[in-house]
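Residues per chain, in single letters:
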Amino acid sequence: MEHKKNLVSYSVLFSGIFGTLICLGYGAGDNILAFMLGVLAVGGLVVYPIVLTLLNLFFLIVRVKNPVLVRQAKYIEYITLVLGVLYTVLILPFLEIQLKADWTEILANRQVHTPVWVGGQPTILVLACLGMAGYLFLSWVNICKVPPLLCVFAISGMYLGVAICLVWIVQVFSERYFLLCVLPFNYIVLAAKTVRYKVGEWQGQQREEVKEFKNPKLNAWNQKLLESRRWPAAAFFFMWPLLGITVAVLLLFGQRPDSIIRAWTETSDWNLSAQSAPQNIYYDEHYLCTVAAGGHRKLVKPIRMGIRHGHPVIVNRQLCVANAFEELLQECFPSFHRGVRGFYDRFGFPIARWIRSPYIADGIYLLMKPLEWLFLGVLYCYDVNPENRIAVQYLPKYPDFERRV
């Protein structure tokens, strides 16, 4: 029986071993530090969630009665939920999902709008909390000491949580966002497992042991639910008034009655979306492109859209002057230009990644002003038609157009 007490430890050990084998298979053993970090990342972030999911599915399908294994299964459930929330929060920034950006906002590069309409997020959050509260109630309480009616209401709450999880999975399911489905899928498994186990636990109860309500109507319902086989169907029936009460309460706090539907359809970029968002702005890693797009319009003065590396960019005069000067430098002094470009690529691109505030963009714009005047002076001294060269920067490269200019 000792091995049964170490189910959590064995799951961690298995994940570490399998993560090690995967890293060795990819030839990551040359650098010991990189290898250890790889084992932690693969074993902890990839293999362990799969192991937890498989264990939850196993305990759903195979009902164990050994109290030690039942307790270990509970530990697995809690670890699943805690790590699921933690991992979801950690991966959201890497997926560039903007949870506070509705479909009407213009985003940048690979950013995507929120999968849940901002105006409906409180409704979805409350329903998800009801689902979690129902699960925790049934998970922690001694079912022998509570009336069956309370258990049915808790299952109703879990049904609401399951419904939210199902819609979330349908909304975000894709190859890129597959990881966002792991936590809601596990919650659905845990809800089904909890209902199954609690129905089985109640079947051994005696009628005289059941707690009663003082209210005659509630007590009548309570007596009808002495047969635990009725709980799943009764919980589905009670789920609707529970949903109605929740929506009515949320109305008092400014939520719309149709928020539960609009939360999924008043979005773009997702499977249930009914809106089309404006095209994303491409913020080039060229930090002057970032300045032109990200600074305050009254200061940086964007003049038009342009094309750089096949992507649309916002262009202002400072950016055009700087690019025209670089073009002239490349024509007259190609070797020197390569050195300047190498220096810029090394230090300019990392700086651009930090320009995420319009005030920082404004500051860089002002700092570049003396250089802009210097570039403009050089262009006027060495170019026959400097304004023509400046004007065609970041325009599509059409040979006939360039000859006319």
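In this report, we go over the structure that sits alongside the text. (Residues numbered from 1 in each chain as written. Predicted model: local features only at pLDDT ≥ 70, side-chain atom pairs only at ≥ 80, totals over all residues. Heavy atoms only, no water.)

## Details of the packing of helix α4 (residues 121–140) against helix α6 (residues 182–202)
At step 1: Relative to each other, α4 and α6 sit at 40 degrees, their axes nearing to 10 Å. Taken as axis vectors, α4 and α6 run oblique relative to one another. Crossing hand, α4 versus α6: left-handed. Residues Gly131, Met132, Tyr135 and Leu138 of α4 form the contact with α6, whose participating residues are Tyr187, Leu190, Thr194 and Lys198.
At step 2: Its residues assigned to classes, the contact of α4 with α6 comprises 5 nonpolar, 2 polar and 1 charged. (Axes fitted to C-alpha atoms, helices over the stretch in contact; angles between N-to-C directions. Helix = DSSP H or I, 4+ residues; strand = E, 2+ residues; numbered from the N terminus. Parallel < 35°, antiparallel > 145°, perpendicular 65-115°, else oblique. Left-handed = near helix turned anticlockwise from the far one by under 90°. Contact = heavy atoms within 4.5 Å. Nonpolar A, V, L, I, M, F, W, Y, C, P; charged D, E, K, R; others polar.)

## Regarding the pattern of salt bridges
At step 1: If you walk through the whole model with that rule in mind, you get 10 salt bridges.
At step 2: We note a salt bridge from Lys193 to Glu77, for which the minimum N-O separation is 2.2 Å. Residue Lys193 is found in helix α6, and its partner Glu77 is found in helix α3 (residues 67–95); the two are separated by 116 residues along the sequence.
At step 3: Residue classification places Glu77 among the buried residues on the basis of a relative accessible area of 0%.
At step 4: Members of the salt-bridge network, linked through shared partners, are Glu327, Glu331, Asp383 and Arg389. (Salt bridge = Lys/Arg side-chain N within 4 Å of Asp/Glu carboxyl O. Buried < 20%, exposed > 50% of the residue type's maximum accessible area, 1.4 Å probe, protein only.)

## Some details on the side chain of Thr246
At step 1: Take Thr246: it is sitting in helix α8 (residues 231–251).
At step 2: Sequence-distant contacts of Thr246, defined by excluding residues within four places in its chain, comprise Val126, Leu127 and Leu130.

## A word on the nonpolar core
At step 1: Counting residues in hydrophobic clusters, the biggest one holds 25 residues, and the most contacted among them are Val152, Ile155, Met158, Tyr187 and Trp231.
At step 2: Looking at this core, the elements that each hand over two or more residues are α4, α5 (148–172), α6 and α8.
At step 3: Looking at this core, the element that brings in the most residues is α5, giving 8 residues.
At step 4: With sequence-adjacent residues up to four places away left out, Val152 is seen in contact with Leu225, Trp231, Ala234, Ala235 and Phe238.
At step 5: Of all hydrophobic cores here, the second largest spans 16 residues; its members include Ala292, Val321, Leu376 and Ile390. (Core = buried A, V, L, I, M, F, W, Y, C linked by side-chain atoms within 4.5 Å.)

Read these as layout, nothing more, since geometry by itself doesn't imply function.
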